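# Report on the structure
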Amino acid sequence: VLKYIFPSTRIFVMHHNDIDAMIRFNQVESFKRGMNNVDHIVFGDFIKDRIVELTRIDANRVFSIPHPTTITINDDLNEINSKSLIVGLGLSNDEQFIDDCIEYDKKNKTTLDYRIVLRSRSKKYEGNNLLVFTGYLTEEEYKDYFTKAASVVVYYPDKFQYRYSGSLINAIAETSCVFINKMPLGLYEHSVYPHLCRIIDSAEDLFTLNRSSFISCDSLTERRNYLAFHSDVNVL
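Quick summary incoming for the structure in this document.

Here we come to the packing of aromatic side chains. Going through the model one piece at a time under the given rule, you end up with nine aromatic pairs. With centroids separated by 6.2 Å and ring planes inclined at 35°, the aromatic side chains of Phe 46 and Tyr 162 adopt a geometry described as tilted. Within this pair, whereas Phe 46 is found in helix α4 (residues 45-55), its partner Tyr 162 is found in the loop between β8 (151-154) and α8 (166-174), the two being separated by 116 residues in sequence. On the accessibility criterion, Tyr 162 (21% relative accessible area) is partly exposed. A ring pair is formed by Tyr 156 and Phe 160, whose centres lie 4.0 Å apart and whose planes are at 5°; its orientation type is stacked. A residue is classified by how much of its surface remains accessible, and Tyr 156, at 5% relative accessible area, is buried. The class for Phe 160 is buried, based on a relative accessible area of 6%. Put simply, the rings of Phe 46, Tyr 162 and Tyr 188 touch in pairs and so form one group of aromatic residues. Above the ring of Phe 160, the side-chain terminus of Arg 163 is found at 4.7 Å from the ring centroid.

Right, let's talk about the pairing of strand β7 (residues 130-134) for a bit. Examined bridge by bridge, strand β5 (residues 115-120) and β7 share five bridges and lie parallel to one another. Bridge pairing links Ile 116 to Leu 130 in β7. Direction of pairing for strand β6 (residues 125-126) relative to β7: antiparallel, over a ladder of two bridges. When the sheet's bridge partners are listed, Glu 126 is paired in β7 with Leu 131. Taking the residues that link successive antiparallel strands as the turn, the β6-β7 hairpin has three residues.

Residue position: Val 152 is located in strand β8. Judged by its relative accessible area of 4%, Val 152 is buried. Distance from Val 152 to Phe 214, taken between C-alpha atoms, is 9.6 Å for residues 62 residues apart in sequence. Filtering out sequence-adjacent residues up to four positions away, Val 152 remains in contact with Ile 86, Val 87, Phe 146, Ala 171, Thr 175, Cys 177, Val 178 and Phe 179.

Inspection of the secondary structure puts Arg 119 in strand β5. The sequence separation of Arg 119 and Leu 137 amounts to 18 residues, and the corresponding C-alpha distance is 9.6 Å. For Arg 119, the contacting residues outside a window of four places in its chain are Gly 88, Leu 89, Gly 90, Leu 91, Ile 98, Phe 133, Gly 135, Tyr 136 and Leu 137.

Across the two faces of strand β2 (residues 39-42) the burial is the same, with Asp 39 and Ile 41 and His 40 and Val 42 all buried. Pairing between strand β1 (residues 12-14) and β2: three bridges, direction parallel. Bridging from a neighbouring strand, Val 13 pairs with His 40 of β2. Where β2 and strand β3 (residues 62-64) come together, three bridges link them in parallel fashion.

Conventions adopted
Residues numbered from 1 in each chain as written. Predicted model: local features only at pLDDT ≥ 70, side-chain atom pairs only at ≥ 80, totals over all residues. Heavy atoms only, no water. Phe/Tyr/Trp six-rings, centres within 6.5 Å; stacked < 30°, edge-to-face > 60°. Helix = DSSP H or I, 4+ residues; strand = E, 2+ residues; numbered from the N terminus. Buried < 20%, exposed > 50% of the residue type's maximum accessible area, 1.4 Å probe, protein only. Lys NZ or Arg CZ within 6 Å of the ring centre and 35° of its normal. Pairing = 2+ DSSP bridges. Contact = heavy atoms within 4.5 Å.

Set out below in structure tokens:
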């Protein structure tokens, strides 16, 4: 519609979760009707590949721009190395995964040398190695958890496929590495930053980590490269 109102103006559409939302044939066909009247911005090459595959749009109309960080970067990683807390604070984390973590913690009586804190949309639990809480966090509480964390877990449900995660960028900006599940975003980032973004397949994986792997020279190098790629300078 905007293209017809402003025929001489170049129009860009920024995509977030709308590519995942195109799950029916008529939604894809509706998108196709206007897709070549505008240009498109996505936040990762794997998303560009998907939208081209899904709609057969001209790839020259799709631009991949890194998602910027939205918080101050923590450079004191020597301090992070001494911590023993893993957090998962995103409200998009898979609730079934959280259920599995609770069940595993109930059965596992071994005390780990790190503690896991997860935020759920609906359930609360406190056990030997795991704390699950619900509700919203103030900005101060959110920052305090990240300040105390050595690493972050990002475990998204199956519906989270071809979109980018601001929570992932913030986690890497604050800590040394991220544990992420095997979905398109996780596989893409792991392929580029294998020591920084590490794949976990199940709740058991989260409870059987080698704490010495939270931070390493390789993960620090990859972290610097990651943050440079997602920096405001590179975005601009």
